[in-house]
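One-letter residues, chain by chain:
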Amino acid sequence: ESRGKELKEILDSFQKELSEERSDRLNREGRILKQMDDHSSDIFGAIEEETNVRERISQGLQTRIEHNERLRSQSEYELQSRIQNEMSELKVMIEEEKQARSMGDDQIIMGLNRYTQQLQSSLSVISS
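Sequence positions are assigned chain by chain, starting from 1 and proceeding in written order. In keeping with the predicted nature of the model, local features appear solely for residues at pLDDT of at least 70, side-chain atom pairs appear and are counted solely at 80 or more, and the whole-chain, interface and lining totals rest on all residues. Based on all heavy atoms of the structure, the side-chain values leave hydrogens and waters out of the count.

Caption draft 1: Molecular detail of the overall build of the protein chain. Helix numbers and strand numbers start at the N terminus; a helix is a DSSP run of H or I with at least 4 residues, a strand a run of E with at least 2. Looking only at helices and strands, one finds one helix and zero strands in the protein chain. We compute the radius of gyration over the C-alpha atoms and compare it with the globule rule, which gives 2.2 Å times the number of residues raised to the power 0.38. By the compact-globule yardstick of 14 Å for 128 residues, the protein chain is too spread out, its C-alpha radius of gyration being 54 Å. With the C-alpha coordinates aligned to their principal axes, the bounding extent of the protein chain is approximately 185 × 20 × 5 Å. Exposure is judged per residue with a 1.4 Å probe applied to protein chains only, and the accessible area is read against the type maximum: over 50% gives exposed, under 20% gives buried, and values in between give partly exposed. Burial statistics for the protein chain: of 128 residues in total, 0% are counted as buried. All accessible-area figures derive from a Shrake-Rupley calculation using a 1.4 Å probe, and residue coverage is judged against the displayed protein chains alone. Summing over all exposed atoms, the protein chain offers an accessible surface of approximately 12300 Å²; the carbon and sulfur share of this is 54%. Lys and Arg are tallied as positive, Asp and Glu as negative. Neither His nor the chain termini are counted. To locate a charge, take NZ of a lysine, CZ of an arginine, CG of an aspartate or CD of a glutamate. On the protein chain, the mean spot of the 19 positive side-chain charges and the mean spot of the 27 negative ones are 3 Å from each other.

Next comes the structure, spelled out in structure tokens:
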């Protein structure tokens with residue numbers, strides 16, 4: 001009987017230790033699961049925040065690109081306009097210069113014709 005009692009005590013002791021170990025293991029599991037859940041939430045939060053930051057940066061860059069393209073387009077238009085205006089002015093100046101030279105040439109020809117007529121008149125007076 002004492003052996004039975006002793007075995008019963010050992011069995012009760014093992015069951016108690018087993019129950020304590022199971023309880024301790026469940027507590028550790030609970031803490032680990034809570035830590036994993038906390039870390040998972042932190043990671044998902046950080047990912048969401050990083051995504052939002054990158055989207056804002058991307059939108060800002062897209063806005064700057066569109067603004068710069070509008071400015072470039074406007075500058076190109078203004079440059080083309082200025083070039084066309086200057087070309088028109090140069091054409092007008094060239095035409096005016098042509099007309100002035102043509103008038104000068106006509107005056108020289110008329111002067112030479114008068115000189116030639118005078119010379120011919122003088123020669124005809126001298127020959128007669």
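Structure shown, so let's carry the discussion forward.
Caption draft 2: Geometry of the environment of glycine 104. By the secondary structure assignment, glycine 104 is in helix H1 (residues 2-127). Its relative accessible area of 23% is what places glycine 104 among the partly exposed residues. Distance from glycine 104 to glutamate 9, taken between C-alpha atoms, is 139 Å for residues 95 residues apart in sequence.

Caption draft 3: Quick look at the pattern of salt bridges. Throughout this description, the term salt bridge denotes a Lys or Arg side-chain nitrogen within 4 Å of a carboxyl oxygen of Asp or Glu. In total, this model carries eight salt bridges according to the counting rule given. With a shortest N-O distance of 3.5 Å, glutamate 6 and arginine 3 are connected by a salt bridge. One end of the pair, glutamate 6, and the other, arginine 3, are both in helix H1, three residues apart, so they sit about a helical turn from each other.

Caption draft 4: Spatial organisation of a nonpolar patch on the surface. Nonpolar side chains (Val, Leu, Ile, Met, Phe, Trp, Tyr) are joined into patches within 5 Å and like charges within 9 Å, using only residues with over 30% relative accessible area and no salt bridge. A grouping of Leu79, Ile83, Met87, Leu90, Met93 and Ile94 is seen on the molecular surface, where their side chains present a nonpolar patch of about 570 Å² in accessible area. One can find isoleucine 83 in helix H1.

Keep in mind these values describe shape, not function.
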